[in-house]
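# Report on the structure
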Amino acid sequence: MEYVIEMLNIRKEFPGIVANDNITVQLKSGEIHALLGENGAGKSTLMNVLFGLYQPEQGEIHVKGKKVNISDPNVANDLGIGMVHQHFMLVEPFTVTQNIILGSEPTKKGKINLKKAEKEVQELSDKYGLRVDATAKISDISVGMQQRVEILKTLYRGADVLIFDEPTAVLTPQEITELIEIMHALVAEGKSIILITHKLKEIMQVCDRCTVIRKGKGIGTVNVEDTNVNELASLMVGREVSFKTEKKPAEPKETVLEIKNLIVKDTRKVEMVKGLNLDVRAGEIVGIAGIDGNGQTDLIEAITGLAKSSSGSIQLNNKKITNLSPRKVTESGVGHIPQDRHKFGLVLDFPIGENMVLRTYYQKPYSKYKVLNYKEIYQKAKTLIAEYDVRTPSVYTKARALSGGNQQKAIIAREVDRSPDLLIAAQPTRGLDVGAIEFIHQKLIEERDKGKAILLLSFELDEILDVSDRIAVIFDGKIVADVHPDETSEQELGLLMAGSKTKEAGDHHAFE
Amino acid sequence: MHSNKWFNILVPIISVIIGLLSGAIIMLVSGYNPIQGYVALFNGAFGDLYFFGETIRQTTPYILTGLAIAFAFRAGLFNIGAEGQVIVGWLAAVWIGTSMEAPMYIHLPLALFVAALAGAFWGFIPGLLKARLGVHEVIVTIMMNYIALYSANAIIRRVLTDSADKTETIASSASLASEWLEGLTYFSRMHYGIMIALFAAVIMWFIIERTNIGYELKSVGYNQHASKYAGMSVKRNIVLAMVISGAFAGLAGSMEGLGTYGNMTVSSGFSNIGFDGIAVALLGANTAIGVVLAAFLFGALKVGALNMPTHAGVPNELVDIIIALIIFFVASSYIIRWIILRFKKEEK
């Protein structure tokens, strides 16, 4: 039989919506098959059907030619289907091996044989080139390695078919390259892979075939060889999408943000920002490129007042804002689209309407004499939601119920609407689909053209190169290079980010 | 999609019904007539105006402790210390009530205010420890309960009296007792406190649903990171939530001190008003109106139960078990919630 897995005409309904409508996916043995669709298109629902978490209303699932009924994830496991979740399911204080054997511990008279398990895990890791230390603690290893532990977990349970749910969302460019190698190694060993993603470049790089889903409907399956990024994008979104963001050349004016010799320590008292200097001027977008963990997060937390800086100065419009409270920083004209929108950007259990005034609720007209005026609040929310095309059933819907793209649009609406002099956008398009990314990039450029200063932090080099007017490369807590997007390449940026090369704007003399 | 409101009302009602049913089974197994038992329970709570007055009397402090716990819950805090805050509030109210003379319009408000203040202070300490040092409020409040209990005993014996087991009766100018309400209810101990409790419920609703403070408290309760990002002071809000929560519980204590008893007795154990408040808050889904209704149910159960041994022959111990079962199912409404959701899923 040619197909390892066939999902035929799957239909899955939830009260009020049809999440999957007549979708067919056929996975060939030994291929990497992409499942492409916008956020909320129904990719995850479909995979949860395959993994036994949901029961389909209609349709059949065949595994190796036999019709099966996957009633729960254990059945899926027994059929050799394994899932690498986007949000890792690991017990932090446990070791790699303990996590992998969790739930199927090899025991002898009730005693776990950890030594034997460790050996097995290590062998498995070596076989597929996963380079995982079986005895390391999860809390001590990098995000990339944690993901490889998730992969090992499925392999240890004997999976032949691996489902990857948005695996690159949390990885750095280097880790993505490694993951792609691992995928190729898995396929070479006879495994088959379903890759859930909305990143077109990755599909072009690794996949053999691609099934496109749009608004719950199966649009079709294409051979990756016979298509291109533009065609995939329009299949996914249902209209033409432009990738190169249209923008005029920047006209930078006076300096808005000026950071001098900034030093920031994290909660463990480790110096993360080590004497950093950075300027952002009105009317320009400065992109910060760097590998995660080089002080970006701490830098932004220091500017926004969420973390204290231990020395150095931060000036906004020539006024010192070093170590002011978050509210004072906000009021002095800083907007902040936080990196982690669930943790910082939104109170998920508040209605989306109330989230729209999260930063201004205490000001008139939303509050008078400390009493809130909900009429004004929801009026404002309705205006913003319409203006920024936030798709929500109503302003009273909890923020939690919105899709990632719409949550992000809501945050951007809130932050941009206050018209701050400096807008900090940390990974503003993380996990979003092309349609939403396009919208957000346009908004950033619009603000720039209004003469605002924009500081963009992103781990996606494409985004940095596409949107920024100037790129500041951060490495080990310092800005090591200041380059123009037109005068550099991904390769050069990659080297700069890795710290193996330093460079100043416009000149090629390396300096120490 | 099921309507959330409908669901929130259905769950507590089912909890109460299951509680009553399991109580009935216990009575059947033990050889008593459950119908007779529950009729006695009902008559004991609502049978005539006297019992009704007593039910309201018992409901009054439950409303206040329920509000106290619900208020802290909304800010993400578990105030187990309502019990201790009740004790210090009670003591403070009786102290003011017995130690000074003043016209009623000064004496009574002052006694109520000092009771609230004492409860607030008792909430402030765990709030501060939580905000500053991250000490878990559950541990601290449990310990504060014991400190309150034994300190109150010592103060009654050594300071307020000369080794007596109870304080003097408060001056009538500080009393909540009402001849009118007593007369209306065949001389039950019902007092004006119910009005204070209902007013407190309105206050709680207003603070939580309509003010900046409420918005911040809820925000901190849901997500401290986002609250900090929004420019709120997480620490200040934690302390504030515990202070307001403690003030409600302190007032609950004054209901007993100034209303029901008019004095305070040395006690070897807790009054349970604070602990029952936890179940009241849970059953009332941490909303003001829910707490008032739940407190009424608990008041009725507590008072009605007194009638079961005499009128249905159900022994006291069994009554305690039945009441505990009802409270158990009520408090475990989360389990019921889960079962209903499960049921709905199967239906699909």
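In the nomenclature of an unreviewed UniProt entry, chain B is known as D-allose transport system permease protein AlsC of Virgibacillus massiliensis. Note on chain B: under the UniProt heading Subcellular location (unreviewed entry), the record states "Cell membrane".

### Some remarks on the overall build of chain B
Within chain B one finds 16 helices and 0 strands. Taken against the 2.2 N^0.38 rule, which gives 20 Å for 348 residues, the C-alpha radius of gyration of chain B at 21 Å falls within 12% of a compact globule. Based on the C-alpha atoms only, the size of chain B along its principal axes is roughly 60 × 55 × 35 Å. The buried share of chain B, reckoned over its 348 residues, is 52%. For chain B, the share of sequence-separated contacts (at least 6 apart) that also reach a separation of at least 24 residues comes to 80%.

### Points about the confidence of the model for chain A
Residue and element names in this part refer to chain A. This prediction gives chain A a mean pLDDT of 88; 97% of its residues lie at or above 70. Per-element mean pLDDT across chain A ranges from 78 in strand β7 (residues 107-108) up to 96 in strand β22 (residues 453-457). Scored below 50 in pLDDT, residues 505-512 makes 9 contacts in the model with residues more than four places away or belonging to other chains.

### Concerning the interface of chain A and chain B
At the junction of the two partners, chain A supplies 24 residues and chain B supplies 15 residues. Broken down by secondary-structure element, the contributors of at least two residues to the side of chain A that touches chain B are α10 (326-331), α11 (341-345) and β20 (371-372) of chain A. Here the side of chain A that touches chain B is built from residues that sort into 14 nonpolar, 5 polar and 5 charged.

### Comments concerning the packing of helix α12 (residues 273-283) of chain B against helix α13 (residues 288-305) of chain B
Residue and element names in this part refer to chain B. Direction vectors running N to C along α12 and α13 enclose 130°, while the axes themselves pass 8 Å from each other. Looking at the two axes, α12 sits oblique to α13. The way α12 lies across α13 gives a crossing that is right-handed. Contacts from D276, V280, A281 and L283 in α12 reach V291, A294, A295 and F298 in α13. Taken together, the residues that form the contact of α12 with α13 break down as 7 nonpolar, no polar and 1 charged.

### Observations concerning the nonpolar core
If you look at the biggest cluster of nonpolar residues, it comprises 249 residues, and the most contacted ones within it are A:V473 and B:L67. For this core, the leading source of residues is helix α11 (residues 234-260) of chain B, giving 14 residues. With residues up to four places along the chain from it excluded, the contact list for B:L67 reads B:A200, B:A201, B:M204, B:F248, B:A288 and B:V291.

### A few points about the sheet that holds β22(A)
Across a sheet, strands are paired by hydrogen bonds formed along the backbone, either parallel or antiparallel in direction. All names here are of chain A. The strand order across the open sheet formed by 6 strands is β18-β21-β22-β15-β23-β24, and the pairing between neighbours is mixed. Looking at the sheet topology across the chains shown, the edges are occupied by β18 (334-337) and β24 (478-483). Adjacent strand axes in the sheet meet at a mean angle of 20°, parallel and antiparallel pairs treated alike. In terms of strand pairing, β18 meets strand β21 (residues 422-426) through 4 bridges, oriented parallel. Looking across to β21, one finds that I337 is bridged to A425. This element, helix α9 (residues 296-304), spans β15 (285-289), β18, β21, β22 and β23 (470-475) of the sheet and lies at about 150° to β21.

### A short note on helix α4 (residues 114-127) of chain A
Residues and elements named next belong to chain A. Taking 1.5 Å as the rise per residue, α4 with 14 residues should run 20 Å; its terminal C-alpha atoms sit 20 Å apart, in good agreement. In this structure, the buried side of α4 is in contact with α3 (96-101) and α5 (143-156). Immediately beyond the C-terminal end of α4, within one or two residues, lies G129, with a positive phi of roughly 65°.

### Considering helix α13 (residues 374-387) of chain A
All names here are of chain A. Between its first and last C-alpha atoms α13 spans 20 Å; for 14 residues at 1.5 Å apiece the expected length is 20 Å, and the two agree. Listed as buried for α13 are I377, K380, A381, L384 and I385. Along the axis of α13, the buried positions cluster into a sector of 130°, meaning they face one direction only. Summarising the geometry of α13, the exposed residues directed more than 90 degrees from the buried face are K375, A386 and E387. Considering only its buried residues, α13 is in contact with α12 (352-355), β20 and α14 (404-417). The first or second residue beyond α13 is D389, which carries a positive phi of 55°.

### Here we look at the pairing of strand β13 (residues 255-265) of chain A
Residue and element names in this part refer to chain A. Looking at chain direction, β13 and strand β14 (residues 271-281) are connected through 8 bridges and run antiparallel. In the sheet register, T255 faces β14, and the bridge partner there is R281. Counting the residues in the hairpin turn of β13 and β14 gives 5 residues, including K269, whose phi is positive at 70°. Summarising the sheet, β13 and strand β16 (residues 309-316) pair through 6 bridges and their orientation is antiparallel. By the bridge assignment, V264 is partnered in β16 with S309.

### Focus: the sheet that holds β14(A)
Residues and elements named next belong to chain A. Read from one edge to the other, the open sheet built from 4 strands follows the order β14-β13-β16-β17, with strand pairing classed as antiparallel. The sheet is open, and its two borders are formed by β14 and β17 (319-320), each paired with just one other strand. Pairing of β16 with β17 involves 2 bridges; the strand directions are antiparallel. The residue bridging L316 from the neighbouring strand is K319, located in β17. Across the sheet, α9 touches β13, β14 and β16, and the angle it forms with β14 is around 65°.

### Thoughts on the environment of A:K443
Residue and element names in this part refer to chain A. Examined against the element boundaries, K443 turns out to sit in helix α15 (residues 434-449). For the pair formed by K443 and I411, sequence separation is 32 residues and the distance between their alpha carbons is 12 Å. When near neighbours in sequence (up to four residues on either side) are disregarded, K443 contacts I412 and V416.

### Focus: unusual backbone geometry
Across the junction of A:K364 and A:P365, the peptide omega takes the value 0°, indicating a cis bond. Note on placement: A:P365 falls in the loop between α12 and β19 (367-368). Although it is not a glycine, A:N9 adopts a positive phi angle of roughly 50°. Within the fold, A:N9 resides in strand β1 (residues 3-14). Note on A:N9: 14 C-beta atoms within 10 Å, which makes it partly exposed. Phi is positive for B:N272, close to 70°, though the residue is something other than glycine. Following the sequence through the fold, B:N272 ends up in the loop between α11 and α12.

### Remarks on the packing of helix α2 (residues 34-46) of chain B against helix α3 (residues 49-74) of chain B
Relative orientation and spacing of two packed helices are given, respectively, by the angle between their axes and the distance between those axes. All names here are of chain B. Where α2 meets α3, the axes come as close as 5 Å, and the angle between the chain directions of the two elements is 80°. When the axes of α2 and α3 are compared, the pair comes out roughly perpendicular. From α2, G44, A45 and F46 reach across to α3, where they touch F51, F52 and T55. Broken down by class, the residue content of the contact of α2 with α3 amounts to 4 nonpolar, 2 polar and no charged.

About the criteria used
- Residues numbered from 1 in each chain as written.
- Chains lettered and ligands numbered in written order.
- Predicted model: local features only at pLDDT ≥ 70, side-chain atom pairs only at ≥ 80, totals over all residues.
- UniProt positions renumbered as here; feature names shortened; annotations may be inferred.
- Helix = DSSP H or I, 4+ residues; strand = E, 2+ residues; numbered from the N terminus.
- Rg over C-alpha atoms; globule rule 2.2 N^0.38 Å.
- Buried ≥ 20, exposed ≤ 12 C-beta atoms within 10 Å, placed from the backbone.
- Contact = placed C-beta atoms within 7 Å.
- pLDDT = per-residue confidence, 0-100.
- Nonpolar A, V, L, I, M, F, W, Y, C, P; charged D, E, K, R; others polar.
- Axes fitted to C-alpha atoms, helices over the stretch in contact; angles between N-to-C directions.
- Parallel < 35°, antiparallel > 145°, perpendicular 65-115°, else oblique.
- Left-handed = near helix turned anticlockwise from the far one by under 90°.
- Core = buried A, V, L, I, M, F, W, Y, C linked by C-beta atoms within 7 Å.
- Pairing = 2+ DSSP bridges.
- Expected span 1.5 Å × (residues − 1).
- Arc of directions from axis to C-beta.

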